[in-house]
Amino acid sequence: MGEGKPLLEVIDLHTAFRIRDSYYDAVDGVSFTLHKNEKLAIVGESGCGKSTLATTIMGLHNKNNTRITGEIIYKDTNLIQLSEALYNRVRGNDVGMIFQDPLASLNPLMNIGEQIEEGLVYHTDMDDKQRKARVIELLEQVGLPEPKRVAKQYPHELSGGMRQRVCIAIALACKPPIIIADEPTTALDVTIQAQILDLLNEIQEETESGIILITHDLGVVAETADRVAVMYAGQFVEVASAEELFTNPLHPYTRSLLRSIPQGGKDVSDEAPVDELHVIQGTVPSLVNLPEKGCRFAPRIPWIPDSAHEEDPVMHEAAPGHYVRCSCYKHFYFEGEEEA
Ligand SMILES: Nc1ncnc2c1ncn2[C@@H]1O[C@H](COP(=O)(O)OP(=O)(O)O)[C@@H](O)[C@H]1O
Ligand SMILES: [Mg+2]
């Protein structure tokens with residue numbers, strides 16, 4: 001993991017939306033790499049900028065009201081400089097994306113087979129027969145029973161879990177080396193969630209793709225991600241291997257997220273009282289209301305040292321491969337105040 005040339009390298013990416021007459025960074029200086037066969041989870045509460053990051057990589061923003069700077073390096077090209085026509089070739093062919101709401105991302109008027117074929121028509125020179133065969137193969141790959149029948153059905157005839165499997169088939173159709181899944185299980189019920197995450201793991205084993213898995217739920221990534229990036233108010237605040245992040249979380253935000261995972265897992269005693277579920281106080285600041293200086297999370301932690309409100313924390317390597325944007329964790333980490 002992490003060796004050799006990365007599939008994707010994002011460097012100091014900024015995505016700013018125009019709101020009234022000013023631009024505000026929803027993604028504010030994000031950098032990371034993604035390697036072949038690696039699963040990087042991006043975690044943070046709603047409003048942290050996760051989807052904006054994903055849609056920026058996919059080139060889905062309108063240049064009239066969005067300002068994007070930095071680099072998204074793929075095959076020695078900075079994608080943000082591509083024309084719309086060239087970006088169309090990247091989307092689907094090089095990067096496949098799975099969205100949160102499968103119903104909204106499917107066309108209600110086209111049958112499933114036609115929707116999977118669209119990308120094949122656009123990106124490959126397969127003939128009709130080859131495409132039909134590939135559709136069946138994909139529907140099998142994503143675990144849908146009776147693929148021939150499903151290919152002729154329409155989205156409303158399928159369950160939510162089946163629809164998300166179809167969306168995954170669409171994302172996989174052209175065998176993209178990179179897959180971005182933006183909250184792929186949030187709209188599904190719990191048992192189906194686990195199945196979809198298992199499916200993504202199986203797909204990765206078969207295809208060795210690099211997967212960016214976006215979620216607001218740190219519990220989802222515990223067992224599947226190789227590396228985790230924790231995002232807060234447009235910035236990565238902590239990046240580490242999943243194992244390191246779960247055993248040695250440093251940023252107060254990461255620690256708050258960890259404490260808010262429902263403890264339904266195998267490691268926890270059955271008697272664990274439900275009311276110990278931790279809720280992080282306050283909300284993610286809106287783009288127009290970011291603190292002018294200091295740690296962006298500091299206003300939500302009562303016990304934070306005053307210095308956190310003064311100094312802009314910079315990302316630094318706290319342990320090999322473990323990066324954190326926090327100047328104060330050393331204060332509290334060893335002194336034991338806690339309980340935000
Ligand atoms: N098109 C847009 N115009 C203006 N602000 C936006 C737009 N899309 C998202 N935002 C704002 O950007 C921030 C990040 O949103 P988003 O990327 O959707 O976060 P997440 O996916 O983590 O919930 C939020 O404050 C949101 O209100
Ligand atoms: Mg989102």
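In this text the structure is predicted, and so the values were computed from the model without any measurement.

Procedures and definitions
Residues numbered from 1 in each chain as written. Chains lettered and ligands numbered in written order. Predicted model: local features only at pLDDT ≥ 70, side-chain atom pairs only at ≥ 80, totals over all residues. Heavy atoms only, no water. Axes fitted to C-alpha atoms, helices over the stretch in contact; angles between N-to-C directions. Helix = DSSP H or I, 4+ residues; strand = E, 2+ residues; numbered from the N terminus. Parallel < 35°, antiparallel > 145°, perpendicular 65-115°, else oblique. Left-handed = near helix turned anticlockwise from the far one by under 90°. Contact = heavy atoms within 4.5 Å. Nonpolar A, V, L, I, M, F, W, Y, C, P; charged D, E, K, R; others polar. Pairing = 2+ DSSP bridges. Near = heavy atom within 4 Å. Areas by Shrake-Rupley, 256 points an atom, 1.4 Å probe, with all protein chains shown as cover. Salt bridge = Lys/Arg side-chain N within 4 Å of Asp/Glu carboxyl O. Buried < 20%, exposed > 50% of the residue type's maximum accessible area, 1.4 Å probe, protein only. Polar contact = N/O pair within 3.5 Å; in protein donor to acceptor, adjacent residues only side chain to side chain. 1 Å grid on protein atoms, 1.4 Å probe; cavity = no way out; pocket = protein on both sides within 12 Å on 5 of 7 lines; lining within 4 Å. Points joined across faces, edges and corners; volume = space filled by probe spheres on them.

Enquirer: Explain the packing of helix H7 (residues 160–172) against helix H8 (residues 190–207) to me, please; I cannot follow it from the model alone.
Expert: Geometry of a packed helix pair, given as the angle between the helix axes and the separation of the axes. Relative orientation of the contacting elements H7 and H8 amounts to 20°, with a least axis distance of 10 Å. Between H7 and H8, the crossing angle belongs to the class labelled roughly parallel. Along this stretch, H7 crosses H8, giving a crossing that reads as right-handed. Listed contacts from H8 to Gly-161, Gln-164, Arg-165, Ile-168 and Leu-172 of H7 are Ile-192, Gln-195, Ile-196, Leu-199, Leu-200 and Ile-203. Its residues assigned to classes, the contact of H7 with H8 shows seven nonpolar, three polar and one charged.

Enquirer: Just checking my understanding: could you explain the environment of Ile-170 for this structure?
Expert: You can see Ile-170 is positioned in helix H7. Spatially, the C-alpha atoms of Ile-170 and Met-315 are 37 Å apart, while their sequence positions differ by 145 residues. Those residues in contact with Ile-170, other than ones at most four positions away along the chain, are Leu-106, Gln-115 and Ile-116.

Enquirer: When you look at the sheet that holds strand S5 (residues 77–78) in this model, what are you seeing that I'm missing?
Expert: Paired through their backbone hydrogen bonds, the strands of a sheet run either parallel or antiparallel. Here four strands make up an open sheet; going across it, the order is S2-S1-S4-S5 and the pairing antiparallel. Strands at the two margins of the open sheet, each flanked by one partner only, are strand S2 (22–34) and S5. Pairing between strand S1 (residues 8–19) and strand S4 (residues 66–74): eight bridges, direction antiparallel. Bridge pairing in S4 links Val-10 to Ile-72. Against the sheet, helix H1 (residues 50–57) touches S1, S2 and S4, its axis set at about 110° to S1.

Enquirer: Help me out: how do you make sense of the site of ligand 1 in this one?
Expert: As a matter of local geometry, ligand 1 sits amid Phe-17, Ala-26, Glu-45, Ser-46, Gly-47, Cys-48, Gly-49, Lys-50, Ser-51, Thr-52 and Leu-287. Coverage of ligand 1 by the protein amounts to 63% of the 570 Å² it exposes when considered alone. Here the element with the most residues in the shell around ligand 1 is H1; it accounts for three residues. Grouping the constituent residues of the shell around ligand 1 by class yields four nonpolar, five polar and two charged.

Enquirer: Would you mind showing me how to read the pattern of salt bridges here?
Expert: When charged atoms on two side chains of opposite charge get close, those side chains can pair. By the definition in use, this model includes 15 salt bridges. Lys-36 serves as the salt-bridge partner of Glu-208, at 3.4 Å between the closest nitrogen and oxygen. In this pair, Glu-208 is assigned in the loop between H8 and strand S8 (210–215) and Lys-36 in the loop between S2 and strand S3 (39–43), connecting sequence segments 172 residues apart. Using a relative accessible area of 36% as the deciding quantity, one classes Glu-208 as partly exposed. For the salt bridge of Arg-91 with Glu-84, the shortest nitrogen-to-oxygen distance reads 2.8 Å.

Enquirer: Looking at this model, I keep getting lost on the environment of His-35. Mind explaining?
Expert: You can see His-35 is positioned in the loop between S2 and S3. Taking C-alpha positions, His-35 is 9.6 Å from Glu-208, a pair spaced 173 residues apart along the chain. Side-chain polar atoms of His-35 contact the backbone oxygen of Gly-4, separated by 3.3 Å.

Enquirer: Before we go on, may I ask you to explain unusual backbone geometry in this structure?
Expert: A negative phi angle characterises most non-glycine residues, just as the trans form characterises most peptide bonds. Its identity as a non-glycine residue notwithstanding, Arg-20 has a phi of 50°, on the positive side. Looking at where Arg-20 falls in the secondary structure, it is placed in the loop between S1 and S2. In this structure Arg-20 comes out as exposed when scored by relative accessible area, which is 67%. For Glu-146, which is not glycine, the phi dihedral falls at a positive 50°. Counting through the fold element by element, Glu-146 comes out in the loop between helix H5 (128–141) and helix H6 (147–152).

Enquirer: Is there a simple way to think about empty space enclosed by the protein in this case?
Expert: In this approach, a probe sized like a water molecule rolls over the atoms, and the result shows the empty space that is left. Applying the stated criterion to the full structure yields one cavity of 30 Å³ or more. Approximately 50 Å³ is the volume attributed to the largest cavity. Looking at the largest cavity, the residues that line it are Tyr-232, Gln-235, Val-237, His-251, Cys-295, Arg-296, Phe-297, Pro-313 and Arg-325. Looking at side-chain class alone, the lining of the largest cavity contains five nonpolar, two polar and two charged residues.

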